[in-house]
Amino acid sequence: MDRLMLIAMLVLAGIAVLASGCTKPQGSSDTMTFEKSIIDDAKVRYPGADIVEIEGTEEIGGVKVTNVRVTFGSDTICPSRLRLRYKQPFGYETGVPIYIVKDCQVTCRSDCIITGPEEAIIAAHTLPGSERAKEFIGDGSGIKAAAVPSGDVWVVRFKREPDGAVMEVTLTAKNPTIIKVASVEKQ
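So, a few notes on the structure that sits alongside this text.

About the cut-offs
- Residues numbered from 1 in each chain as written.
- Predicted model: local features only at pLDDT ≥ 70, side-chain atom pairs only at ≥ 80, totals over all residues.
- Heavy atoms only, no water.
- Pairing = 2+ DSSP bridges.
- Helix = DSSP H or I, 4+ residues; strand = E, 2+ residues; numbered from the N terminus.
- Axes fitted to C-alpha atoms, helices over the stretch in contact; angles between N-to-C directions.
- Buried < 20%, exposed > 50% of the residue type's maximum accessible area, 1.4 Å probe, protein only.
- Core = buried A, V, L, I, M, F, W, Y, C linked by side-chain atoms within 4.5 Å.
- Contact = heavy atoms within 4.5 Å.
- Phe/Tyr/Trp six-rings, centres within 6.5 Å; stacked < 30°, edge-to-face > 60°.
- Lys NZ or Arg CZ within 6 Å of the ring centre and 35° of its normal.

A separate point is the sheet that holds strand 8 (residues 178–184). In spatial order, the strands read 5-6-7-8; together these four strands make up an open sheet with antiparallel pairing. Either end of the sheet is taken by a strand with one partner, and the two such strands are strand 5 (143–150) and strand 8. Taken pair by pair, the neighbouring strands of this sheet meet at an average axis angle of 15 degrees, ignoring direction. Sheet topology places strand 5 next to strand 6 (residues 153–160); eight bridges connect them, and they run antiparallel.

Spelled out as structure tokens, the structure:
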């Protein structure tokens with residue numbers, strides 16, 4: 001009787017294992033493991049980064065590539081951002097990092113689109129028409145910056161930590177141009 005019960009339990013356990021395998025989307029575990037491993041790899045390569053996240057995947061020349069965003073100083077007036085491209089199934093082959101923004105410079109001046117907050121923050125105080133913002137942030141000491149997209153524009157907020165004063169800069173995403181620079185009431 002014990003032997004028959006043991007066989008029945010093994011058969012039921014086998015059916016449960018098969019059933020759980022059938023209900024799980026195929027490849028999701030492999031994809032999650034790959035994504036977690038490349039995020040971990042990027043964090044080890046760039047331990048000082050504020051943000052390390054998957055941007056997306058694409059196919060280049062028949063090879064699946066996962067793009068990873070790595071950002072430093074995300075809340076400063078001069079954040080930097082690079083992109084790592086991990087090739088599947090080659091694992092940790094990233095190639096040369098692609099700098100989207102570095103050295104407090106934005107190369108997007110005309111016939112381009114600002115796609116990330118790092119670019120928007122720098123453009124908000126370096127584009128023509130940003131003189132009031134430059135005066136407000138000075139050398140950047142004690143200034144916290146943040147940018148959010150809002151339709152076809154970016155809204156960038158510079159907050160001066162010592163007194164809580166806020167300057168808001170609105171700029172177009174496409175062919176970046178300063179639309180408005182205004183002081184905001186303290187909140």
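Structure's up, so let's keep going.
Moving on, we come to unusual backbone geometry. Of note in this structure, Asp103 is not a glycine but carries a positive phi near 55 degrees. Looking at where Asp103 falls in the secondary structure, it is placed in the loop between strand 4 (98–101) and helix 3 (117–126). Given a relative accessible area of 60%, Asp103 falls into the exposed group.

Here the focus is the nonpolar core. Ile114, Phe136, Trp154, Val156, Phe158, Val169 and Leu171 are the most contacted members of the largest nonpolar core, which has 28 residues in total. Within the residue set of this core, elements represented by two or more residues are helix 3, helix 4 (131–137), strand 5, strand 6, strand 7 (166–172) and strand 8. In this structure, Ile114 is in contact with Cys108, Glu119, Ala120, Ala123, Trp154, Leu171, Ala173 and Pro176, ignoring residues within four places of it in sequence. Formed by twelve residues, the second largest nonpolar core is a distinct cluster that contains Phe34, Ala42, Val70 and Leu82.

Considering all chains together, one arrives at one aromatic pair under this definition. With centroids separated by 6.1 Å and ring planes inclined at 70 degrees, the aromatic side chains of Tyr46 and Phe72 adopt a geometry described as edge-to-face. You can see Tyr46 sitting in the loop between helix 2 (28–45) and strand 1 (51–60) and its partner Phe72 sitting in strand 2 (residues 63–72), a full 26 residues away along the chain. A cation over an aromatic ring shows up here: Lys102 above the ring of Tyr99, its NZ or CZ 4.7 Å from the ring centre.

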